[in-house]
Amino acid sequence: MKKLVLIAIAVMCSCMTLQAAKKPTVNSSNPFMAQYTTKYAIPPFNLIKMEHYMPALKAGIEQQNKEIDAIVNNNEAPTFENTVLALDNSGEILNKVALVLYALNESDATPEMQAVAKEFLPALTAQNDEVYMNDRLFARIKAVHDGAKGLSTAQTRLIDKYYKKMVRNGALLNAEQKAELKELNRQLSELQLSFQNNLMTEIASNIVWVDDAKRLSGLSQACIDGAAKLAADKGQPGKWAFTATASTRLDVLGGAHDRDLRRDMYETYINTASRGNEFDNTTNINKIIKLRMRKANLLGFETYGDYAVDNVMAKKVDAAESLLMQIFTPAIAKVKEEVADMQAYVNNHGGNFKIAPYDYYYYAAKVKEQKYNFNEDELRPYFELNNVVKNGIFYVANKLWGITFTEIKDAPKYHPEVIVYDVKDADGKHLAVFMTDYFPRPTKAPGAWMSDFAFEYNYNGKMERPIVYNVASFAPPTKELPSLLNIDQVETLFHEFGHAIHSMLTIAPFRGGSGTNVDRDFVELPSQLNEHWAWLPEVLKNYAVHYKTGEVIPQQLVDKMLESNKFNMGFNTTELVGAALLDIEWHKLNWCGDIDVKAFERSVKRRINMPEEVEFRYRTPYFKHIFGDDMYSCGYYTYLWAQVLEADAWERFKVEGPLNTKVAADYRKFILETGDSEDAMTLYKKFRGAEPTPDALLRNRGFK
């Protein structure tokens, strides 16, 4: 899974306070309530304890409230500096503690952390409401917004961003309506956290047990060793325990000769959080949908989808859906061809069954091997994690922009497996801190993502650089094997690093518009574009080195891989677009009673003509993107929207040179450095010269 987690904190980021506001009393024993003294102000994770979060939250709320009071009680006329910039820079303590809590509640959600988050997040939501429903603050923001003259594009953009944010958060409502909206937000915060906690609990218990070694035929040794270790850890030595996390699940579905094992794994996964037990998310989903509907209506929108899409590039739900169908229709046609090839393989090899969803990965691999004389497992020995990182993603960044990465061995870490790097620009100046956290654990959410512990700031001579991290769940090393990646995981690594580069290179003047704080349907452009460099011959041969022999990947194997890179694209596209369409269908509802979630999914499948052999990439009960928080609700389509941008943008690199430093400099200037300082489409056209069309994407996927 390629997922970006953007922190929806209650305040915009800050390390500054207004002179007029008094700082709360510093508690020297609480790391959040003092200036970090670590190198580059990395959070001192070794000093942070569970009992520090809530006091820091309360102190942060107190601090920000004083700062907001200083803004609204200012006797001077509202200006950009004394109102908008002051708001953008408010909440130093609140920002620090929220960034750490969000990160650890995703990457190391121990029961103790979950308990803290259950108390912390609703309080943070309530503070968000207090700030953005403040009538006097809105009056000043509106005065600046309505009278803005002679300001820079970045200043005007930030003013407009806060004005719209306050309107979308209820600034124009009356007192009674605001009280209702606050209650809706409180309930949504609690329900979304409950959804996440149920999912985390289910993931930890999603295990397929095997006690017969014969059933392991076809699986990679790394997968078998990992399952043996987990079984031993659980007190069952001599057995194998397979989790349903992505890396293990896909190994089993794609490699296990035992069809029953594949079916067990598939059904274990697709029934996550929908088994009718105490961790079933059906009730949460129904409540969330109803509350979102009411919230949208209260704010003047017919549906929550209308509300969600109004503030991004697409503007209208119909525009997003239209784009998806332009991609989905040729994708499902391609699925029919893929299924026909797989069914022919089954029939020709003595199978007496019809291809089922849990057969897709396995028989796709068989057909691929037959068509191209190529088995993806041949690649794994060449995709050792450390090589892909240091000689892959770091190599590309260095070739394009001269960036270097040096490990800071004594840096604070939130988990021993984290690696911390000092990132320097071509001139040797410190650019960012970059952290990697690549192995699964029971307390880590599924998937892969990027986020920040600190955001960039660059205004009036004051420069602060970001602290960025990537998280994933790749197969960990064992005594016998290092961590070896498959093709999808290599792409995931490059994808999330694309997000990281977006944040690391930003020089936007204000925190509210720095790095990845851009339109949601623009934010996936850098991540998805970065995937292209993974398979560039020069890059590939630099990192794809056999972990045992040191042999560079043979050209013959590279040729087979590149020749087959459009294979199974119908399936990959259909499951992704199907999930995006499912998300939209949930949020197009404008009234409903209690909904049978599985029946609703079936109805969506019928309406969009989803092939029976393909499941949504995420079924509703574990669709964390859209029900775990609001960030991607009616927004999962943005992956496809951004893929249109990415495919079109790559055309320029293809023509002028994938490692052309002039093109890379333009890309850095217009896309990566600028953040949200200018309209996203305007920036894109500055880089590309014109608006994008889906043609390049359809060609890349073999649909045109």
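Predicted, not measured: the structure shown is a model, and the values here were computed from it.

**Examining the overall build of the protein**
- Scanning the protein for helices and strands turns up 26 helices and nine strands.
- The C-alpha atoms of the protein give a radius of gyration of 25 Å, which matches the 27 Å a tight globule of 704 residues would have.
- Over its C-alpha atoms, taken along the principal directions, the protein stretches across nearly 85 × 60 × 55 Å.
- Counted over contacts in the protein with a minimum sequence separation of 6, partners at least 24 positions apart contribute 76%.
- The average position of the 83 basic charges and that of the 91 acidic charges among the side chains of the protein differ by 1 Å.

**Details of helix 24 (residues 661-672)**
- Taking 1.5 Å as the rise per residue, helix 24 with 12 residues should run 16 Å; its terminal C-alpha atoms sit only 14 Å apart, a clear shortfall.
- Turning to helix 24, its buried residues number three or more, namely Val663, Ala664, Asp666, Tyr667, Arg668, Phe670, Ile671 and Leu672.
- Tucked into the core, helix 24 has its buried residues touching helix 15 (385-401), strand 5 (430-437), helix 16 (487-504), helix 17 (524-530), helix 23 (638-656) and helix 25 (680-688).
- With a side-chain oxygen lying 2.7 Å from the backbone nitrogen of Lys662, the N-terminal cap of helix 24 falls on Asn660.

**Describing the pairing of strand 4 (residues 419-424)**
- Relative to strand 4, strand 3 (residues 404-407) runs antiparallel, the two being bridged by four bridges. Paired with Thr404 across the bridge in strand 4 is Lys424.
- Both strand 4 and strand 5 contribute to a ladder of six bridges, which runs antiparallel. Bridged to Val423 within strand 5 is Ala432.
- Linkage of strand 4 to strand 5, two consecutive antiparallel strands, is achieved through a turn of five residues, within which Gly428 is found at a positive phi near 85 degrees.

**Here's the deal with the nonpolar core**
- Counting residues in hydrophobic clusters, the biggest one holds 168 residues, and the most contacted among them are Phe242, Phe383, Phe434 and Tyr543.
- Residue contributions to this core peak at 12 residues, all from helix 13 (residues 317-348).
- Ignoring sequence-local partners within four residues, the contact set of Phe383 consists of Val388, Ser483, Leu484, Leu485, Asn486, Ile487, Val490, Trp535, Leu540, Tyr543, Ala544 and Met561.
- Counting residues in hydrophobic clusters, the runner-up holds 43 residues, among them Tyr36, Ile61, Leu104 and Met200.

**Some words on the side chain of Thr620**
- Structurally, the position occupied by Thr620 is in the loop between helix 21 (597-608) and helix 22 (624-627).
- Residue contacts for Thr620: discarding those within four places in its chain leaves Phe195, Ile285, Leu582, Trp586, Val597, Glu601 and Phe627.

**Considerations on the packing of helix 20 (residues 569-588) against helix 21**
- The contact between helix 20 and helix 21 brings their axes to 10 Å, and the two run at 115 degrees. Crossing geometry of helix 20 relative to helix 21 is assigned as right-handed. Mapping the contact onto sequence places Gly578, Leu581, Leu582, Glu585 and Trp586 in helix 20 and Val597, Phe600, Glu601, Val604, Arg607 and Ile608 in helix 21.
- Residues of the contact of helix 20 with helix 21, tallied by class, amount to seven nonpolar, one polar and three charged.

**Some details on the environment of Gln489**
- Turning to its location among the elements, Gln489 is positioned in helix 16.
- In the structure, Gln489 is positioned 140 residues away from Asp629 in sequence and 25 Å away in space, judged by C-alpha atoms.
- Gln489 has contacts with Ser247, Arg380, Phe474 and Leu484, leaving out every residue within four places of it along the chain.

**Description of the environment of Phe394**
- Tracing the backbone shows Phe394 in helix 15.
- Using a relative accessible area of 6% as the deciding quantity, one classes Phe394 as buried.
- Separated by 103 residues in the primary sequence, Phe394 and Phe497 place their C-alpha atoms 9.1 Å from one another.
- Those residues in contact with Phe394 that lie beyond four places of it in its chain are Val389, Phe405, Tyr421, Phe434 and Phe497.

**Thoughts on the pattern of salt bridges**
- Throughout the structure, instances matching the rule amount to 54 salt bridges.
- With a closest N to O distance of 3.6 Å, Glu613 and Lys354 form a salt bridge. Here Glu613 is found in the loop between helix 21 and helix 22, whereas its partner Lys354 is found in the loop between helix 13 and helix 14 (360-372), with 259 residues between them in sequence.
- We note a salt bridge from Arg688 to Asp648, for which the minimum N-O separation is 3.2 Å.

**Looking at the packing of helix 13 against helix 20**
- At their nearest, the axes of helix 13 and helix 20 sit 8 Å apart, and the two run at 145 degrees to each other. The two elements helix 13 and helix 20 cross, and the hand of that crossing is left-handed. Contacts from Val317, Ala320, Glu321, Leu324, Met325, Ile327, Phe328, Ala331, Ile332, Lys334, Val335 and Glu338 of helix 13 reach helix 20 at Met569, Gly570, Phe571, Thr573, Thr574, Val577, Gly578, Ala580, Leu581, Ile584, Glu585 and Lys588.
- Residues belonging to the contact of helix 13 with helix 20 are distributed by class as follows: 15 nonpolar, four polar and five charged.

**Details of the sheet that holds strand 5**
- Taken together, the five strands give an open sheet; going across it, the order is 3-4-5-9-6, and neighbouring strands pair in mixed fashion. Strands with a single pairing partner mark the edges of an open sheet, and in this sheet they are strand 3 and strand 6 (449-454). When strand polarity is set aside, the average angle formed by the axes of neighbouring strands in this sheet is 30 degrees.
- Bridge analysis of strand 5 against strand 9 (residues 467-471) gives five bridges, and the strand direction is parallel. Along strand 9, the bridge assignment pairs Phe434 with Val468.

**Points about the packing of aromatic side chains**
- Summed over all chains, the structure comprises 46 aromatic pairs.
- Considering the side-chain rings of Phe383 and Trp535, the 5.9 Å spacing of their centres and the 50 degrees angle between planes classify their relative orientation as tilted. In this pair, Phe383 is assigned in the loop between helix 14 and helix 15 and Trp535 in the loop between helix 17 and helix 18 (537-543), connecting sequence segments 152 residues apart. This pair shows no difference in class: Phe383 is buried, exactly as Trp535 is.

**Section: the confidence of the model for the protein**
- Averaged over all residues, the pLDDT of the protein equals 91, while 96% of them reach at least 70.
- Across residues 1-26, confidence stays below pLDDT 50; counting only partners more than four residues off in sequence or on other chains, it has 108 contacts.

**Details of the environment of Ala647**
- With respect to the helices and strands, Ala647 occurs in helix 23.
- On a C-alpha basis, the gap between Ala647 and Lys413 in space is 36 Å, while along the polypeptide they are 234 residues apart.
- With sequence-adjacent residues up to four places away left out, Ala647 is seen in contact with Ala696, Leu697 and Asn700.

Rules used in this analysis
Numbers given to residues run from 1 along each chain, matching the order in which its sequence is written. Two thresholds apply to this predicted model, a pLDDT of at least 70 for residue-level local features and 80 or more for giving and counting side-chain atom pairs, whereas whole-chain, interface and lining totals are computed over all residues. By convention in this description, side-chain values take in all heavy atoms of the structure and omit both hydrogens and water. Only DSSP runs of H or I reaching four residues or more are called helices, and only runs of E reaching two or more are called strands; each is numbered from the N terminus. Here the radius of gyration uses the C-alpha set of atoms, whereas the globule reference equals 2.2 Å times the residue count to the power 0.38. The contact rule is simple, with two residues in contact once any of their heavy atoms fall within 4.5 Å. Note that His is not counted, nor are the chain ends; the positive residues are Lys and Arg, and the negative ones are Asp and Glu. A charged residue contributes its charge at one atom only: NZ of Lys, CZ of Arg, CG of Asp or CD of Glu. The span one expects for a helix is its residue count, reduced by one, times 1.5 Å. Working definition: with a 1.4 Å probe on protein chains only, accessible area under 20% of the residue-type maximum means buried, over 50% means exposed, and in between means partly exposed. The definition of a polar contact used here is a pair of N or O atoms within 3.5 Å, where within protein one atom must be able to donate a hydrogen and the other to accept one, and adjacent residues in sequence count solely through side-chain atom pairs. Between any two strands, at least two bridges found by DSSP are needed for them to pair. Buried Ala, Val, Leu, Ile, Met, Phe, Trp, Tyr and Cys residues that are joined via side-chain atoms within 4.5 Å together make up what is termed a nonpolar core. Axis lines are fitted through C-alpha atoms, for helices just across the contact stretch, and the angle between N-to-C directions can take any value from 0 to 180 degrees. Crossing chirality is assigned from the near helix's rotation relative to the far helix, an anticlockwise turn below a right angle marking it left-handed and a clockwise turn marking it right-handed. For this classification, Asp, Glu, Lys and Arg are treated as charged, while Ala, Val, Leu, Ile, Met, Phe, Trp, Tyr, Cys and Pro are nonpolar and the rest, including Gly, are polar. A carboxyl oxygen of Asp or Glu within 4 Å of a side-chain nitrogen of Lys or Arg is what we treat as a salt bridge. Pairing of aromatic side chains requires ring centres within 6.5 Å, counting the rings of Phe and Tyr and the six-membered ring of Trp. Pairs whose planes differ by under 30 degrees are stacked, by over 60 edge-to-face, and all others tilted. One number per residue, pLDDT, summarises how confident the predictor is, and it ranges from 0 to 100.

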